[in-house]
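# Notes for the structure review
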Amino acid sequence: MSTPSTVLAFDLGASSGRAIVGRLDSEAGRITIEEIHRFSNDPVQVGNHLHWDILRLLHELKQGILQTKHLGYTNIESLAIDSWAVDFGLLAANGELLGNPYHYRDHHTDGIMSEVMDIVGREKLYALTGLQFLQFNSIFQLYALQKNNPELLDRAATFLMIPDLLRYFLTGEKHSEFTNATTTQLFNATSFTWDTELIDQLGLPAQIFLPPVASGTQVGSLRPAVCEELDVPSIPVIAVGEHDTASAVVAVPALDDDFAFLSCGTWSLLGTETEKPVLAEQALAWNFTNEGGVYGTNRLLKNIMGLWLIQECKRTWEKEGKTTSFAELVKQAEAVKPFQFFIDPDDDMFLNPAHMPKQIQQYCRDTQQTVPQTDGEIVRCIMESLALKYRFILERTEQLSGKTYRGLHIVGGGIQNELLCQFTASATQREVWAGPVEGSALGNLVVQWIALGYIANLREARKLIRNSFPVKTYHPQDEAGWQAAYAVFCQVASRSTVK
């Protein structure tokens, strides 16, 4: 009997991170996973700016490697890291980090997008990059640095996105991974290279961008100093789909080649896989994004604000002395009368407000609706609005892709909110297939196994995931009620500031 292959995935989200050991039993055709380390990922406010605590994240990665040893996993064949997109660190010529990376919700990019649009032009920028316009995209962060802190860019020798940077700390090798590079809005969607003309037009230093490596490429091993510090052998490190959405989509257990997905967490990302970027005028008008996937795929999708809205409400209420769990908030929401108030989750006013519950109430006032008062009413408003926004984006995805989807695959931690899954099935009037929970980590793991030669291709990987993890089906309910709610939602959202 063959010994299962064991690999380690680090999956870093915008609010927490986890280290997960995966074991592949090729004879049984099954994958098993064990979460061995979970940690909070808390941004830090320093003066007027919000930063990621990148060295704390490095410490937590090392703790994850230590835990694999302490739990008896002495035969780790490789490890890999995935994380959120757009954010980055800059290295000096001597290889040292030039300050903590900015958090994408930092206000240093306020107003920057319009300045870049004046230089490049909206239509041209979309034609070049195929990317959704979001004020925190890497292009706008770099231009903000060029404008407000040019000395930092003058000193920069290397641009590394978050997984690239953490890999560099562990291995000493500098590489830029493809899927994450495509989220910067500086990467050409058709030539699959950094767009140096665009970079030069904005006065950014082109020499800091490294040629991207493909997902599934070995990009070093743990450096000797790390091995000595942790008393572990030198483990190979693989560049997977390092944008966590790229990894999450790998883990969609679809039986068909054509499918719609929703990666549900702090952010919701809804879309489909296509053979090539969709750069049509309608895609620009609807502000859809095209991001590189693993193994030559393209992800046509839309970023939606997601469970950040509930997370921020909970954080605000806790600051006010009201401690409650997410499960209790969902229970309160379930008891509220349906379809009383709606928001557009993607309105600019929800990006980084000082007080999320008051901001939701203000949106309802501004749109002449009933104003939610209780915690349960606010959470119900968020959850119904998210489900209706999913329908809105799913229907537009169908129009852009020219395909019809009989249901929606949901992966990620958001599937633990069963009420939201049911709302989504009812709002879209389609079946919802929820699972697996650890989508990004599983996508990370199976790309490692493809790179190591244990899994043949993406299709086989998805079949293995389907055979190994449960998928729960939700069926639509109350068609008339949700249809009427959708009409009201569309009217309310039409007044939104979202671009």
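Per chain, the residues get numbers from 1 upward, laid out in the order the sequence is written. Per-residue local features of the predicted model are confined to residues with pLDDT of at least 70, and side-chain atom pairs are confined, for both listing and counting, to 80 or more; whole-chain, interface and lining totals are unaffected and use all residues. Hydrogens are left out, water is left out, and the side-chain values use all remaining heavy atoms of the structure.

It is worth spelling out the environment of Gln 282 at this point. Secondary-structure assignment places Gln 282 in helix H11 (residues 281-285). Put simply, Gln 282 and Leu 400 are 118 residues apart on the chain and 7.5 Å apart in space, counted from C-alpha to C-alpha. Numbering goes from the N terminus for both helices and strands, where a helix is a DSSP run of H or I of at least four residues and a strand is a run of E of at least two.

Turning next to the environment of Ile 81. Mapped onto the secondary structure, Ile 81 falls in strand E6 (residues 79-82). For the pair Ile 81 and Leu 386, spaced 305 residues apart in the sequence, the C-alpha separation amounts to 29 Å. Residues are treated as being in contact if the distance between any of their heavy atoms lies within 4.5 Å. Setting aside its immediate chain neighbours within four residues, Ile 81 contacts Phe 10, Leu 12, Leu 61, Pro 163, Leu 166, Arg 167, Leu 170, Val 240, Glu 242 and Asn 444.

On to the pairing of strand E15 (residues 289-292), then. The side chains of a regular strand alternate between the sheet's two faces. Side-chain alternation along E15 places Thr 289 and Glu 291 on one buried face and Asn 290 and Gly 292 on a second face that is also buried. Sheet topology note: the E15/strand E16 (residues 298-304) ladder contains 4 bridges and is antiparallel. Note that in E16 the partner of Gly 292 across the bridge is Asn 298. Between the antiparallel neighbours E15 and E16 lie 5 residues, among them Tyr 295 with a positive phi of about 55°. Only protein chains enter the accessibility calculation, which uses a 1.4 Å probe; a residue is then buried when its area is under 20% of its type maximum, exposed when over 50%, and partly exposed in between. At least two bridges found by DSSP between two strands are what make those strands a pair.

This part takes up unusual backbone geometry. Residue Pro 436 is bonded to the preceding Gly 435 through a cis peptide linkage, with omega at 0°. For Pro 436, the position within the fold is in the loop between strand E18 (431-434) and helix H17 (439-452). One non-glycine residue with positive phi stands out, namely Gln 185, at about 65°. Mapped onto the secondary structure, Gln 185 falls in the loop between helix H7 (178-181) and helix H8 (196-201). Here Gln 429, not a glycine, exhibits a phi torsion of approximately 55°, which is positive. The residue Gln 429 is located in the loop between helix H16 (418-428) and E18 in this model.

Taken from the UniProt record, the annotation "domain: Carbohydrate kinase FGGY N-terminal" (unreviewed entry) applies to residues 7-250. Counted over residues 7-250, helix gives 35% and strand 24%. Its end C-alpha atoms are 17 Å apart. UniProt positions are given in the numbering used here, feature names are shortened, and annotations may be inferred rather than shown by experiment.

With that out of the way, let us pick up empty space enclosed by the protein. Here a cavity is any set of points on a 1 Å grid over the protein atoms alone where a 1.4 Å probe fits but cannot get out, and a pocket is any open set with protein on both sides within 12 Å along at least 5 of 7 lines; a residue lines the site when it has an atom within 4 Å of a point. Grid points are joined across faces, edges and corners, and a volume is the space filled by probe spheres set on the points. Counting across every chain of the model gives 1 cavity of 30 Å³ or more. Size it by volume and the largest cavity reaches roughly 30 Å³. In this structure, the largest cavity is lined by Ala 246, Val 249, Val 250, Glu 273, Gly 293, Val 294, Thr 297, Arg 299 and Arg 462. Residue polarity follows a fixed list, in which Ala, Val, Leu, Ile, Met, Phe, Trp, Tyr, Cys and Pro are nonpolar, Asp, Glu, Lys and Arg are charged, and the others, Gly among them, are polar. Of the residues that constitute the lining of the largest cavity, the class distribution is 4 nonpolar, 2 polar and 3 charged.

Spatially, the 7 strands line up as an open sheet ordered E15-E16-E14-E13-E17-E18-E19, and their pairing is mixed. The open sheet is flanked by E15 and strand E19 (472-474), the only strands paired with a single partner. In this sheet, adjacent strand axes meet at a mean angle of 30° when their direction is disregarded. Note on definitions: angles span 0 to 180 degrees between N-to-C directions of axes, and those axes are lines fitted to C-alpha atoms, for helices only across the stretch in contact. The strands touched by H16 are strand E13 (260-264), strand E17 (407-411), E18 and E19; relative to E19, the strand with the most contacts, the crossing angle is about 50°.

Turning our eyes to something else, we now look at the nonpolar core. Side-chain atoms within 4.5 Å link the members of a nonpolar core, which is a set of buried Ala, Val, Leu, Ile, Met, Phe, Trp, Tyr and Cys residues. Counting residues in hydrophobic clusters, the biggest one holds 151 residues, and the most contacted among them are Leu 90, Val 116, Leu 166, Leu 186 and Leu 222. Considering every element that reaches this core, the biggest residue donor is helix H15 (residues 375-401), with 12 residues. If near-sequence neighbours (up to four positions away) are discounted, Leu 166 is found in contact with Leu 12, Ile 54, Leu 57, Leu 58, Leu 61 and Ile 81. In terms of nonpolar packing, the next biggest core, distinct from the first, is built from 24 residues, Ala 441, Val 446, Val 447 and Ile 465 among them.

Below, the discussion takes up the packing of aromatic side chains. The pairing test for Phe, Tyr and Trp rings, Trp by its six-membered ring, is centres within 6.5 Å, and the orientation test on the planes gives stacked under 30 degrees, edge-to-face over 60, and tilted for anything in between. If you walk through the whole model with that rule in mind, you get 18 aromatic pairs. Look at Tyr 104 and Phe 136: their rings are 5.2 Å apart centre to centre, the planes differ by 55°, and that puts the pair in the tilted class. In this pair, Tyr 104 sits in the loop between strand E7 (88-91) and helix H2 (112-120) while Phe 136 sits in the loop between helix H3 (122-129) and helix H4 (138-148), placing the two residues 32 residues apart along the sequence. Note on Tyr 104: relative accessible area 5%, which makes it buried. Through a chain of ring-to-ring contacts, the aromatic side chains of Phe 88, Phe 159, Phe 178, Phe 187, Phe 192, Trp 194 and Phe 209 assemble into a single cluster. Ring-over charges, as used throughout, are those where CZ of Arg or NZ of Lys falls within 6 Å of the ring centre and within 35 degrees of the ring normal. Positioned above the aromatic ring of Trp 308, the side-chain terminus of Arg 105 is 3.5 Å from the ring centre.

Attention now goes to the UniProt feature "domain: Carbohydrate kinase FGGY C-terminal" (unreviewed entry) in the protein. In the numbering adopted here, UniProt assigns the feature "domain: Carbohydrate kinase FGGY C-terminal" (unreviewed entry) to residues 261-451. The span residues 261-451 shows a helical share of 46% and a strand share of 16%, and its end C-alpha atoms are spaced 24 Å apart.

Here the focus is the pairing of E17. For E17, the tally of buried residues reaches 5 of 5 residues, placing the bulk of the element in the interior. Of the two faces of E17, the one lined by Gly 407, His 409 and Val 411 and the one lined by Leu 408 and Ile 410 are each fully buried. Examined bridge by bridge, E13 and E17 share 3 bridges and lie parallel to one another. Each bridged residue has a counterpart across the sheet, and for Ser 263 the counterpart in E17 is Val 411. As paired strands, E17 and E18 are joined by 4 bridges and run parallel to one another. In the strand pairing of E18, Gly 407 is matched with Glu 431. Crossovers are described as right-handed under a simple rule: with the strands pointing away from the observer, the path leading from the first strand over the helix to the second runs clockwise. Where the polypeptide runs from E17 across H16 and back to E18, its parallel neighbour, the crossover connection is right-handed.

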